[in-house]
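Residue-level structure breakdown
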Amino acid sequence: MRSLTKAVTFAACMLAGAATAFAAPITIKFSHVVAENTPKGQMALKFKELAESRLPGKVNIEVYPNSQLFGDGKVLEAILLGDVQLAAPSLSKFKKYTKQVQVFDLPFLFKDMAAVDRFQQGPTGQKLLTSLENRGLTGLGYIHNGMKQMSANKPLRTPADAEGLKFRIMTSDVLVSQFEAVDAIPLKKPFSEVFTLMQTKAIDGAENPWSNLYSKKFFEIQDYVTETNHGVLDYMVVTSARFWKGLPADVRPELKKALDEAIAFGNKVAEEKAMSDRQRIIDSNRTTVLQITDAERQQWVEAMKPVWKQFERQIGKDIIDAALQSNN
Ligand code: LMR
């Protein structure tokens, strides 16, 4: 009897071992909306490379760029449904899940990307990564793109130039208020439609960082780009809390490490592209890149700054103050 028990136990162990050895790799779909030659596109590919080489046979990373799988309007729901495991929507697209992250959309809040980085890596920025937890989403980190510039089919030097113009915006109420503050007409539209909207003149202008202006060829169909640096377009890498917690203990830390390294790589790409794509656009002669004077810039600041007060209760004064502190 004892030898029978031993034999059964041995067979069970063999089967369990075989099951582990032959377990199918975990498929992780990473869906995003930008081109591959952008900071986020490069980060996603680097993550695939690092994760698959460090966890051979255990994970299979599928990257879907250019809104191939989902646009940002649907991707967070898709994560919760388990149709996608990773995404990195811009920080302007989390309003349904947390109001606090709207801080990143306040115009003229951060003086440069170094300030944005200090805020994200500081205690308040790190806490914001957990602000989606009660909605089932886990923030795994931030990735930079860069400061936004305004483009239009007419030169924008002062707020009066934007009056009555239609601007495509991301799905953020702060951005609605930002453009209404200069008497422009904001239109929330998916990123995948921006080129056609510009081409058909359904919109007059938009706001984008240099790498999006370049990689999606918006500069070829907008006559002017004004170097306003009026806000930031960065991303949060998110996953489903249930999926993340359910990963095997030997997989999750390695994946996080790979992601952190991919983000650091993507941030270098962002820094480099903010300069090189800007220069490519200037050199293209397809559009005119305008500089504004300090006095002109001040007019934009004064027109848009009331938006801070408007959103202070939703975001939290402490969060806005912490963001301001990062400028020092
Ligand atoms: C946009 O919709 O303009 C951005 O969120 C696109 C992106 O992901 O950079």
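Residues numbered from 1 in each chain as written. Predicted model: local features only at pLDDT ≥ 70, side-chain atom pairs only at ≥ 80, totals over all residues. Heavy atoms only, no water.

Brief notes about the site of the ligand
Note the following rule: One heavy atom within 4 Å of a molecule or strand is enough for the residue carrying it to be called near that molecule or strand. In the analysis that follows, any N or O atom pair within 3.5 Å is treated as a polar contact, provided that within protein one partner can donate a hydrogen and the other can accept it, and provided that, for residues neighboring in sequence, both atoms belong to side chains. For the accessible areas, the method is Shrake-Rupley and the probe is 1.4 Å, while residue cover comes only from the protein chains on display. Under this grouping Gly is polar, as are all residues other than the nonpolar Ala, Val, Leu, Ile, Met, Phe, Trp, Tyr, Cys and Pro and the charged Asp, Glu, Lys and Arg.
Near the ligand the following residues occur: V33, V34, K40, D72, S90, K93, R168, M170, F191, N212, L233 and Y235. Between an oxygen atom of the ligand and a side-chain N or O atom of N212, the distance comes to 2.9 Å. For the ligand, the protein covers 100% of the area, taking 270 Å² as the surface of the free molecule. Taken together, the residues that form the shell around the ligand break down as six nonpolar, two polar and four charged.

Things to note about helix 4 (residues 113-121)
Heads up, the rule is: Throughout, exposure labels follow a simple rule: accessible area from a 1.4 Å probe, protein chains only, divided by the maximum for the residue type, with under 20% read as buried, over 50% as exposed, and the rest as partly exposed. In DSSP terms, a helix is any run of H or I states spanning at least four residues, a strand is any run of E spanning at least two, and both are numbered starting from the N terminus. Picture the helix axis, draw a direction to every C-beta atom, and the arc is the one those directions span. We call two residues contacting when some pair of their heavy atoms lies within 4.5 Å.
Looking at helix 4, one finds that the buried residues are A115, V116, F119 and Q120. The buried residues of helix 4 occupy an angular sector of 135 degrees when projected down its axis, which confines them to one face. Taken together, the buried residues of helix 4 touch helix 5 (123-128), strand 4 (137-152), strand 9 (232-240) and helix 13 (317-325). Of the residues that open helix 4, the one with a side-chain oxygen 3.3 Å from the backbone nitrogen of A114 is D112.

Comments concerning the side chain of N212
Looking at the secondary structure, you find N212 in helix 8 (residues 210-215). In this structure N212 comes out as buried when scored by relative accessible area, which is 3%. With near-sequence residues (within four places) excluded, N212 lies in contact with V34, T38, N145, F191, K217, F218, L233 and Y235.

Notes on the pattern of salt bridges
The criterion, for reference: The working definition used for a salt bridge is a side-chain nitrogen of Lys or Arg within 4 Å of a carboxyl oxygen of Asp or Glu.
Using the criterion set out here, one finds 16 salt bridges in the structure. The residue R54 makes a salt bridge to E261 at a minimum N-O spacing of 2.8 Å. Residue R54 is located in helix 2 (residues 39-54), and its partner E261 is located in helix 10 (residues 252-284); the two are separated by 207 residues in the primary sequence. For E261, a relative accessible area of 33% corresponds to the partly exposed category. A salt bridge links K95 to D173; its shortest N-O distance comes to 3.5 Å. Of this pair, K95 sits in the loop between strand 3 (86-87) and helix 4 while D173 sits in helix 6 (residues 173-180); the two residues are 78 residues apart in sequence, bridging distant segments of the chain.

With respect to unusual backbone geometry
With phi around 55 degrees, F108 is a residue other than glycine that occupies positive phi space. Mapped onto the elements of the fold, F108 is located in the loop between strand 3 and helix 4. Judged by its relative accessible area of 13%, F108 is buried. The phi torsion at K201 lies on the positive side, around 60 degrees, for a residue other than glycine. Tracing the chain through its elements places K201 in the loop between helix 7 (194-199) and strand 7 (205-209).

Section: helix 2
Heads up, the condition is: Here a helix's expected span is defined as the number of its residues, less one, multiplied by 1.5 Å.
When the terminal C-alpha atoms of helix 2 are compared, their 22 Å separation across 16 residues agrees well with the 22 Å that a helix rising 1.5 Å per residue should span. Of the residues making up helix 2, those classed as buried are P39, K40, G41, M43, A44, F47, L50 and A51.

What to know about the pairing of strand 4
Formally: Pairing between strands requires that DSSP locate at least two bridges from one strand to the other.
For strand 4, the buried fraction is high: 16 of the 16 residues fall into the buried class. Pairing between strand 4 and strand 9: nine bridges, direction antiparallel. The residue bridging Y142 from the neighbouring strand is M236, located in strand 9. With five bridges joining them, strand 4 and strand 7 adopt antiparallel strand pairing. Looking at strand 7, one finds that Q149 is bridged to N208. Judged from the three bridges that link them, strand 4 and strand 8 (residues 224-226) form a sheet pairing that is antiparallel. Bridge pairing in strand 8 places M150 opposite T226.

Observations concerning the pairing of strand 5 (residues 166-169)
In terms of strand pairing, strand 5 meets strand 6 (residues 185-188) through four bridges, oriented parallel. From the neighbouring strand, F167 faces strand 6, where its bridge partner is P186. When strand 5 meets strand 7, the two strands line up parallel, connected through two bridges. Residue F167 lies in a different strand from strand 7, and its bridge partner there is G205.

Re the packing of aromatic side chains
What counts, and what does not: Planes of paired rings set the category: under 30 degrees apart is stacked, over 60 is edge-to-face and the rest tilted, where pairs are Phe, Tyr or Trp rings (Trp by its six-membered ring) whose centres lie within 6.5 Å. Two limits define a charge over a ring: the Lys NZ or Arg CZ must be within 6 Å of the ring centre, and within 35 degrees of the ring normal.
Inspection of the entire model under this criterion finds seven aromatic pairs. Each ring, one from F104 and one from Y142, has its centre 5.7 Å from the other, and the planes form 55 degrees; the classification is tilted. With F104 in the loop between strand 3 and helix 4 and Y142 in strand 4, this residue pair connects regions lying 38 residues apart in the sequence. Look at F104 and you get buried, because its relative accessible area is 1%. Assessed through its relative accessible area of 3%, Y142 is described here as buried. Their ring planes at 15 degrees and their centres at 5.6 Å tell us that Y214 and F219 sit as a pair that is stacked. The exposure class assigned to Y214 is partly exposed, which follows from its relative accessible area of 25%. Following the ring pairs from residue to residue traces out a cluster consisting of F104, F110, F119 and Y142. One Lys or Arg, K46, reaches over the ring of F265 and ends 4.6 Å from the middle of that ring.

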